[in-house]
Amino acid sequence: MVIKLLCIVSNITLCFLFFILYPLSSVLYPLTLDTRSTIDVRILEIFHPKELTVTTCSDTFSIALVGNSLLVNSAKKTMFFSRNETTIAIKDKIKRTYRGTIKIYALMAELVIINRVSIEHYCASVVGAEMGIASFEAWKAQAIVSRTYLFGNLKRHNQYDFCDLTHCQVYKGRESETDTAKNAVEETEGMFIWDGNKLAEVYYHSTCGGKTANSSSIFKEANESLISVSDSNYCEDSPHYRWEWNLSYADAPFKELQVLKRALDGRVTEIKVHGVKERGWKFRMRIGHQFGWNKLRSSWFFVEKKDTYFLFTGKGLGHGLGMCQWGAKTMAAQGKTCEEILKHYFPKLQARQ
Ligand SMILES: [Zn+2]
Ligand SMILES: [Zn+2]
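Computed from a predicted model, the values in this text were never measured in an experiment. (Residues numbered from 1 in each chain as written. Chains lettered and ligands numbered in written order. Predicted model: local features only at pLDDT ≥ 70, side-chain atom pairs only at ≥ 80, totals over all residues.)

### Description of the overall build of the protein
Thought 1: When you go through the protein residue by residue, the secondary structure sums to eight helices and 22 strands.
Thought 2: Along the first, second and third principal axes, the C-alpha set of the protein runs to 95 × 55 × 45 Å.
Thought 3: Across the 353 residues in the protein, those meeting the buried criterion constitute 37%.
Thought 4: Restricting to contacts in the protein with at least 6 residues of sequence separation, those with at least 24 account for 66%. (Helix = DSSP H or I, 4+ residues; strand = E, 2+ residues; numbered from the N terminus. Buried ≥ 20, exposed ≤ 12 C-beta atoms within 10 Å, placed from the backbone. Contact = placed C-beta atoms within 7 Å.)

In structure tokens form, the structure reads like this:
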């Protein structure tokens with residue numbers, strides 16, 4: 001009886017501890033931080049490959065898409081799977097090596113290639129691909145921002161976590177996993193950007209053009225923690241600091257264009273296209289899809305009608321939210337630490353373990 005009673009009491013105590021400590025721990029350490037060690041990345045989709053040469057540690061396979069079927073060495077299969085480091089080549093286009101596992105299958109007349117990779121290897125590859133030549137403190141800042149972005153955006157795509165393009169973060173497998181990138185990831189291990197006790201919503205972009213963006217200039221719903229900061233001393237060496245684009249009337253998908261509203265951070269927030277109002281960032285994205293991302297490079301632009309074309313003049317490349325990569329490079333070159341760089345771009349947030 002006494003033993004039974006003790007069991008009941010200890011069970012109640014355990015339940016009590018569980019309900020008290022579980023929510024507390026999930027606030028301090030969001031569940032995603034300690035339960036996921038790998039992520040799924042869809043790779044090489046941009047090439048829409050129909051044929052691949054896949055080399056594993058034991059063999060080389062020729063993989064083809066015929067109709068909606070997957071052929072592995074000419075035999076029909078539902079899936080190809082490689083457990084170890086794998087090299088994938090698309091003839092005359094690209095050859096890349098990936099850590100982790102590779103799964104290939106056919107879906108809606110496309111070859112889907114999924115790379116399951118450890119988070120730290122993914123981060124090292126992303127940091128190497130995203131930062132380029134820079135002082136080490138800028139690499140560390142990129143590692144912390146990329147890691148935070150990763151955990152805040154798992155399952156960004158329905159069937160997998162991330163694509164390998166700028167839509168998510170640029171990922172090139174082992175190719176961009178440089179020693180500097182690996183060191184930056186190692187030295188910042190476990191560091192994230194926090195918004196109080198919550199993992200922060202963070203962004204980065206190539207060049208802000210002199211001032212980063214307020215989130216209300218880009219998104220319908222503003223995040224009060226993502227605010228505009230002056231960056232005029234830092235990113236002016238970027239080739240995207242100032243730009244021009246001529247769009248001929250013949251090529252333009254509109255005849256009339258009028259900027260209606262501009263935010264304090266310079267970005268166009270409302271524009272009239274053919275008499276229809278559109279959000280400035282949405283307009284920039286639409287034009288980017290149609291003409292490429294290097295034409296109307298940001299929503300910080302001005303437009304004039306010339307004889308035969310629209311003249312767009314603008315500042316920066318990307319949405320302008322959060323960390324400006326060109327600015328971070330200059331700050332690091334001037335001797336600023338990774339913490340100082342992050343404090344500059346995220347003044348309301350905290351970088352810590
Ligand atoms: Zn994506
Ligand atoms: Zn900048």
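From this point, the narrative continues.
### Description of the nonpolar core
Thought 1: With 65 residues, the main nonpolar core has Val-127, Ala-141, Ile-144, Ile-193, Ile-341 and Leu-342 as its most contacted residues.
Thought 2: Among the elements that line this core, the one with the most residues is helix H4 (residues 136-152), at eight residues.
Thought 3: Each of domain 1 (38-118) and domain 2 (120-206 + 321-352) accounts for three or more of the residues forming this core.
Thought 4: Residues in contact with Ile-144, not counting those within four places in the same chain, are Thr-188, Met-191, Phe-192, Ile-193, Cys-338, Leu-342 and Ala-351. (Core = buried A, V, L, I, M, F, W, Y, C linked by C-beta atoms within 7 Å. Domains from an automatic or database assignment.)

### Some points on the sheet that holds strand E2 (residues 51-55)
Thought 1: Within the open sheet, the six strands sit side by side as E5-E4-E3-E2-E7-E8. Their pairing is antiparallel. Taken across any chain shown, the strands that pair with only one partner, and hence form the sheet edges, are strand E5 (75-77) and strand E8 (94-98). Averaged over neighbouring strand pairs, the angle between their axes works out to 25 degrees when direction is ignored. (Pairing = 2+ DSSP bridges. Axes fitted to C-alpha atoms, helices over the stretch in contact; angles between N-to-C directions.)

### A short note on the sheet that holds strand E11 (residues 162-163)
Thought 1: One open sheet holds the five strands; their spatial order is E6-E9-E10-E1-E11, and the pairing between them is mixed. If you trace the sheet from one side to the other, it starts and ends with strand E6 (80-82) and E11, each paired once.
Thought 2: Pairing geometry for strand E9 (residues 101-107) and strand E10 (residues 110-118), over seven bridges, is antiparallel. Looking at E10, one finds that Thr-101 is bridged to Arg-116.
Thought 3: In this fold helix H3 (residues 119-131) packs onto strand E1 (38-42) and E10, with an angle of close to 110 degrees to the strand it touches most, E10.

### Focus: the confidence of the model for the protein
Should the pLDDT be low somewhere, the predicted coordinates at that spot are not to be read in detail.
Thought 1: For the protein, per-residue confidence averages 90 on the pLDDT scale, and residues scoring 70 or more make up 90% of the total.
Thought 2: Helix H8 (residues 338-345) holds the highest mean pLDDT among the elements of the protein, 98, whereas helix H1 (residues 2-28) holds the lowest, 38.
Thought 3: For the stretch residues 1-32, pLDDT sits under 50, and the model shows seven contacts to residues farther than four places along the chain or on other chains. (pLDDT = per-residue confidence, 0-100.)

### A word on the domain arrangement of the protein
How big an interface is tends to be expressed through the accessible area that disappears when the partners come together.
Thought 1: Here the domain parsing of the protein yields domain 1 (38-118) and domain 2 (120-206 + 321-352).
Thought 2: Facing the 14 residues of domain 1 at the interface are 16 residues of domain 2.
Thought 3: Those elements that place two or more of their residues in the side of domain 1 that touches domain 2 are E1, E8 and E10.

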